[in-house]
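Overview (structure and organization)
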Amino acid sequence: MKLLNVSGVQTFYGNIQALKGVDLQVEEGSIVTILGANGAGKSTLMKTIVGLLKPKHGTIHFLGDNVTGLRPDQLIRKGIALVPEGRAMLADMTVMENLDMGAYHRKDKTIAKDIEAVMERFPILKERQNQLAGTLSGGQQQMLAIARALLGKPKLLLMDEPSMGLAPIVVADIFKLIKEINEAGTTILLVEQNARLALKIANYGYVLETGKITAEGNAKELLENPRIVEAYLGA
Ligand code: ATP
């Protein structure tokens, strides 16, 4: 089943058109990755899907419902969460306060239990729960950003460049974590500069160039496509 269906989406910054009619689908249970050079429009697409930017044309459907133009808080309630580029930690708040924020819209009674489960899964966050988020290392901040998003219990998790600025060994941990989150039942839409690693864990991929999708296919096929290899995967 299609969890997300983006159709003909055009997004502008004033007169600058950043998305020029984007079509993209995300199958429930999958990992889908978006590849593209700097400035291609990847972050704009992620922000449009989570309601931070409104598309001028086109539609976005989630679980069959038309969600075009809804606000981010409305979309979080429907099950779409974003781990933003640069992690967007609340640096002056503690690790625990950041985690609490992730569940702010929930009304169920299992929040404390879920926070405890997250702490078990990320022991470093438990250890540092009373420390300011800004004092964590880059990799720890990324884990906190992911943990915070997971506390919203999303069906679809969007991740914008989760490996950016991290040491290679930490990057490997982050990719392993993304795979585990997916295996536990969360569908993932992933933007990554690290195209090879992204395609290795993804089921399907799209290539975005100056606001348009110019290629798509099974991740395995993209890994073997000479044009993709030359443009995004190095020699
Ligand atoms: P990067 O990997 O560098 O983040 P990206 O693929 O995510 O790149 P976007 O950030 O979505 O690209 O940018 C797409 C286009 O929109 C670029 O031409 C960029 O200059 C432009 N753009 C992005 N943000 C704004 C803004 N706030 N105002 C005006 N133009 C913007």
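A few points on the structure.

Conventions adopted
Residues numbered from 1 in each chain as written. Predicted model: local features only at pLDDT ≥ 70, side-chain atom pairs only at ≥ 80, totals over all residues. Heavy atoms only, no water. Near = heavy atom within 4 Å. Polar contact = N/O pair within 3.5 Å; in protein donor to acceptor, adjacent residues only side chain to side chain. Areas by Shrake-Rupley, 256 points an atom, 1.4 Å probe, with all protein chains shown as cover. Helix = DSSP H or I, 4+ residues; strand = E, 2+ residues; numbered from the N terminus. Nonpolar A, V, L, I, M, F, W, Y, C, P; charged D, E, K, R; others polar. Salt bridge = Lys/Arg side-chain N within 4 Å of Asp/Glu carboxyl O. Core = buried A, V, L, I, M, F, W, Y, C linked by side-chain atoms within 4.5 Å. Buried < 20%, exposed > 50% of the residue type's maximum accessible area, 1.4 Å probe, protein only. Contact = heavy atoms within 4.5 Å. 1 Å grid on protein atoms, 1.4 Å probe; cavity = no way out; pocket = protein on both sides within 12 Å on 5 of 7 lines; lining within 4 Å. Points joined across faces, edges and corners; volume = space filled by probe spheres on them. Phe/Tyr/Trp six-rings, centres within 6.5 Å; stacked < 30°, edge-to-face > 60°. Lys NZ or Arg CZ within 6 Å of the ring centre and 35° of its normal. Pairing = 2+ DSSP bridges. Axes fitted to C-alpha atoms, helices over the stretch in contact; angles between N-to-C directions. Arc of directions from axis to C-beta.

The full set close to the ligand counts 13 residues, and Gly-39, Gly-41, Lys-42, Ser-43 and Thr-44 are the nearest of them. Separating an oxygen atom of the ligand from a side-chain N or O atom of Asn-38 is a distance of 3.3 Å. Measuring from an oxygen atom of the ligand, one finds a backbone N or O atom of Ser-43 at 2.7 Å. Coverage of the ligand by the protein chains reaches 60% of its 620 Å² of free accessible surface. Per-element tally for the shell around the ligand: the top contributor is helix α1 (residues 42–49), with three residues. Here the shell around the ligand is composed, by residue class, of four nonpolar, six polar and three charged.

Let us now look at the pattern of salt bridges. Between side chains of opposite charge, pairing is possible as soon as their charged atoms come close. For the structure on display, the rule yields 10 salt bridges. Between Asp-65 and Lys-78 there is a salt bridge, with its nearest N and O atoms 3.9 Å apart. You can see Asp-65 sitting in strand β5 (residues 65–66) and its partner Lys-78 sitting in helix α2 (residues 72–78), a full 13 residues away along the chain. One salt bridge in this structure joins Glu-209 and Arg-227, with 3.6 Å as the shortest N-O distance. One end of the pair, Glu-209, is in strand β9 (residues 204–209); the other, Arg-227, is in helix α10 (residues 226–233), and 18 residues separate them in sequence.

For the rest of this paragraph, the subject is the nonpolar core. Within the largest apolar cluster, 44 residues are counted, with the highest numbers of intra-cluster contacts made by Leu-99, Ile-146, Leu-157, Met-159, Ile-178, Ile-188 and Leu-190. Of all the elements, helix α6 (residues 138–150) adds the most residues to this core, at seven residues. Ignoring sequence-local partners within four residues, the contact set of Leu-190 consists of Val-32, Thr-33, Ile-34, Met-159, Pro-162, Phe-175, Ile-178, Ala-198 and Ile-201. With 26 residues, the next largest nonpolar core counts Leu-4, Val-9, Val-32 and Tyr-206 among its residues.

Estimates place the volume of the largest pocket at around 430 Å³. In terms of lining, the largest pocket is formed by 19 residues, of which the most central are Ile-76, Leu-82, Pro-84, Tyr-104 and Arg-148. Among the secondary structure elements, those contributing two or more residues to the lining of the largest pocket are α2, β6 (80–83), α3 (95–102) and α6. Quantified by volume, the second largest pocket comes out at close to 260 Å³. Contributing to the lining of the second largest pocket are 13 residues, with Val-118, Arg-121, Leu-150, Leu-151 and Lys-153 lying nearest its centre. Among the elements that line the lining of the second largest pocket, the one with the most residues is helix α4 (residues 111–121), at four residues.

Here the focus is empty space enclosed by the protein. Summed over the entire model, instances satisfying the criterion amount to one cavity of 30 Å³ or more. Counted as a void, the largest cavity has a volume near 40 Å³. A breakdown of the residues in the lining of the largest cavity according to their chemical character gives seven nonpolar, four polar and one charged.

Attention shifts here to the packing of aromatic side chains. All chains considered together, the criterion is met by one aromatic pair. In this arrangement the basic side chain of Lys-56 is found over the ring face of Phe-12, its NZ or CZ atom lying 4.5 Å from the centre.

If you walk across this open sheet you meet the four strands as β2-β1-β4-β5, and the pairing is antiparallel. For this open sheet the edge positions go to β2 (16–27) and β5, each flanked by a neighbour on one side alone.

Further remarks concern the sheet that holds strand β8 (residues 187–191). Read from one edge to the other, the open sheet built from six strands follows the order β6-β7-β8-β3-β9-β10, with strand pairing classed as mixed. For this open sheet the edge positions go to β6 and β10 (212–218), each flanked by a neighbour on one side alone. Within the sheet, the average angular offset between the axes of one strand and its neighbour, ignoring direction, is 20°. The sheet contact formed by β9 and β10 spans six bridges and is antiparallel. Within β10, the position partnered with Glu-209 by the bridge is Lys-212.

In this section: α3. The set of residues buried in α3 consists of Val-95, Asn-98, Leu-99 and Gly-102. Projected down its long axis, α3 carries its buried residues within an arc of 100°, all on one side.

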